[in-house]
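Architecture and fold: a report
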Amino acid sequence: MTEAILLVGGKGTRLRPLTVHTPKPMVPAAGVPFLTHQLARARAAGVDHIILATSYLAEVFEPHFGDGSALGLHLEYVTEEEPLGTGGAIRNVAARLHSGPDDPVLIFNGDILTGLDIRALVDTHESTGADVSLHLTKVTDPRAYGLVPTDPAGRVLAFLEKPQTPEEIVTDQINAGAYVFRRSVIDTIPAGRPVSVERETFPGLLAAGAHLQGMVDSTYWLDLGTPAAFVRGSADLVLGRAPSPAVPGRCGDRLVLPTARVAPDAKLTGGTVVGEGAFVARGARVFGSTILPGAVIEPGAVVTDSLIGSRARVGERSVLTGTVVGDGAIVGADNELREGVRVWCDARIPAGAVRFSSDQ
């Protein structure tokens, strides 16, 4: 296998305000754009040609990665003028593929952090003679996902929408967002219109008698679609729980990039990342959080499981838990922000303006 398609066109609406100025795959995780981890893992699996299917803020990708030579890859970029969905995006880049009709083409989503054995998925695809092979993973609570039951040999039996009742939960296997397509199957996807592989292509192939193979790989898997998940994924990369050859440093409790500054008595734990040019002041405590480039954590602030955007500032003694602070925003001193709060880009919260507990 030498070719892959990477779907990076989504708007990342669930991640806003992180994605106001930055496409989701380019938001830093463990010190580098998340996409860097995916590209590095694909390269390690033997992929050398990757086509990026872009749409939202498409102009950001190529200036950063160029032709891919720095990563040992050949990268190409195809931009959708109008969003085409997962299947439409795949079809839209097909002309850039060099593979023959029966060759395997790897396809993966730009927002999944996984320890998938990519080579094993391709080997499964080739050994079973499948038309499409899917990475499946098992989850404890499958109600939020589409279910993919298989027979004892791993052949896909159905694609079931999110189950609403206990009786509908017939398996704990879900579509994990990585596929191997026989090249000729890609050419059967309708061109020039939105297509969902999950809702249209895969059920249609199954109904037509195609061979869809599932491979269960229950190593690390995380959908980074929400701020809480993104922060957790970044921390897991730093801690070494999620595998990536692209983490810019040794795995451990913290990752401080070269031009960042951290006061000697500041405490950083839980996979915290401090980005380029950021500053964590004296007495600050940061747990399991991502501090993006140029951000400032002032003296005595406590930041837990949060993401602080580029050039943002968290004021003295403010306590943030499960919070996202957008680029350039300022949280004044003595504020208290709890789970789910999103401070928009360039917003200003005055000192002592927001609390969940008494000020005494």
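For the protein, an unreviewed UniProt entry supplies the name NDP-sugar synthase and the organism Streptomyces rameus. The record in UniProt for the protein states the following under Sequence similarities (unreviewed entry): "Belongs to the transferase hexapeptide repeat family."

1. Some points on the UniProt feature "domain: Nucleotidyl transferase" (unreviewed entry) in the protein
On the UniProt side, "domain: Nucleotidyl transferase" (unreviewed entry) is annotated at positions that read residues 4-236 here. For residues 4-236, helix accounts for 26% and strand for 23%, while the C-alpha atoms at its two ends are 25 Å apart.

2. Describing the sheet that holds strand β27 (residues 342-343)
In any sheet, the strands associate via hydrogen bonds between backbone groups, in a parallel or an antiparallel arrangement. Taken together, 6 strands build an open sheet; the order of strands is β12-β15-β18-β21-β24-β27 and the sheet is parallel. The open sheet is flanked by β12 (254-256) and β27, the only strands paired with a single partner. In this sheet, strand β24 (residues 324-325) lies alongside strand β21 (residues 307-308) in parallel orientation, the contact comprising 2 bridges. Its bridge partner being in β24, Ile308 is matched across the sheet by Val325.

3. Let's talk about the packing of aromatic side chains
In total, this model carries 6 aromatic pairs according to the counting rule given. Taking the centre distance of 6.1 Å and the plane angle of 65 degrees together, the rings of Tyr145 and Trp221 count as edge-to-face. Here Trp221 lies in strand β11 (residues 221-223) and Tyr145 lies in the loop between β8 (132-138) and β9 (173-182), a separation of 76 residues in the sequence. By relative accessible area, which is 16% here, Trp221 ends up buried. Members of the aromatic cluster, each reached through a chain of ring pairs, are Phe159, Tyr179, Phe181 and Phe202. In this arrangement the basic side chain of Arg261 is found over the ring face of Phe279, its NZ or CZ atom lying 4.4 Å from the centre.

4. Looking at the sheet that holds strand β20 (residues 302-304)
Strand order in the open sheet formed by 5 strands is β14-β17-β20-β23-β26, and the pairing between neighbours is parallel. What marks the edges here is a single partner per strand, and that holds for β14 (267-269) and β26 (336-337). Pairing of strand β17 (residues 285-287) with β20, which is carried by 3 bridges, proceeds in the parallel orientation. In the strand pairing of β20, Phe287 is matched with Thr304.

5. Focus on the nonpolar core
Of all hydrophobic cores here, the largest spans 28 residues; its most connected members are Ile5, Ile107, Phe181, Ile186 and Phe202. Counting only elements with at least two residues in this core, the list comes to β1 (3-7), β4 (49-54), α3 (85-92), β6 (104-109), β8, β9, α5 (183-186) and α6 (197-207). Core analysis: the second largest hydrophobic core is formed by 25 residues, Ala4, Leu52, Phe61 and Ala178 among them.

6. Re the UniProt feature "domain: Mannose-1-phosphate guanyltransferase C-terminal" (unreviewed entry) in the protein
Per the UniProt record, "domain: Mannose-1-phosphate guanyltransferase C-terminal" (unreviewed entry) is annotated on residues 252-332. Between the end C-alpha atoms of residues 252-332 the distance is 31 Å, and the span holds 0% helix and 42% strand.

7. Examining the side chain of Thr36
Position of Thr36 relative to the elements: it lies in helix α1 (residues 34-44). Here Thr36 falls in the buried class, since its relative accessible area comes to 10%. Not counting chain neighbours up to four residues away, the residues in contact with Thr36 comprise Phe65 and Ala246.

8. Digging into unusual backbone geometry
Here Arg16 and Pro17 are connected by a cis peptide whose omega angle stands at 15 degrees. One non-glycine residue, Ala30, adopts positive backbone phi at about 55 degrees. Its place among the elements puts Ala30 in the loop between β2 (28-29) and β3 (32-33). When its relative accessible area of 0% is taken as the criterion, Ala30 is described as buried. The backbone phi angle of Asp346 is positive, close to 65 degrees, even though this residue is not glycine. On the secondary structure map, Asp346 appears in the loop between β27 and β28 (348-349).

9. Observations regarding the pairing of β8
Counting buried positions along β8 yields 6 of 7 residues, so the element is predominantly enclosed. Sheet analysis places β8 next to β9, joined by 6 bridges and oriented antiparallel. Bridging across to β9, Ser133 finds its partner in Val180. Note: β8 against strand β10 (residues 212-216), 5 bridges, orientation parallel. Looking at the pairing, His135 lines up with Met215 of β10.

About the cut-offs
Residues numbered from 1 in each chain as written. Predicted model: local features only at pLDDT ≥ 70, side-chain atom pairs only at ≥ 80, totals over all residues. Heavy atoms only, no water. UniProt positions renumbered as here; feature names shortened; annotations may be inferred. Helix = DSSP H or I, 4+ residues; strand = E, 2+ residues; numbered from the N terminus. Pairing = 2+ DSSP bridges. Phe/Tyr/Trp six-rings, centres within 6.5 Å; stacked < 30°, edge-to-face > 60°. Buried < 20%, exposed > 50% of the residue type's maximum accessible area, 1.4 Å probe, protein only. Lys NZ or Arg CZ within 6 Å of the ring centre and 35° of its normal. Core = buried A, V, L, I, M, F, W, Y, C linked by side-chain atoms within 4.5 Å. Contact = heavy atoms within 4.5 Å.

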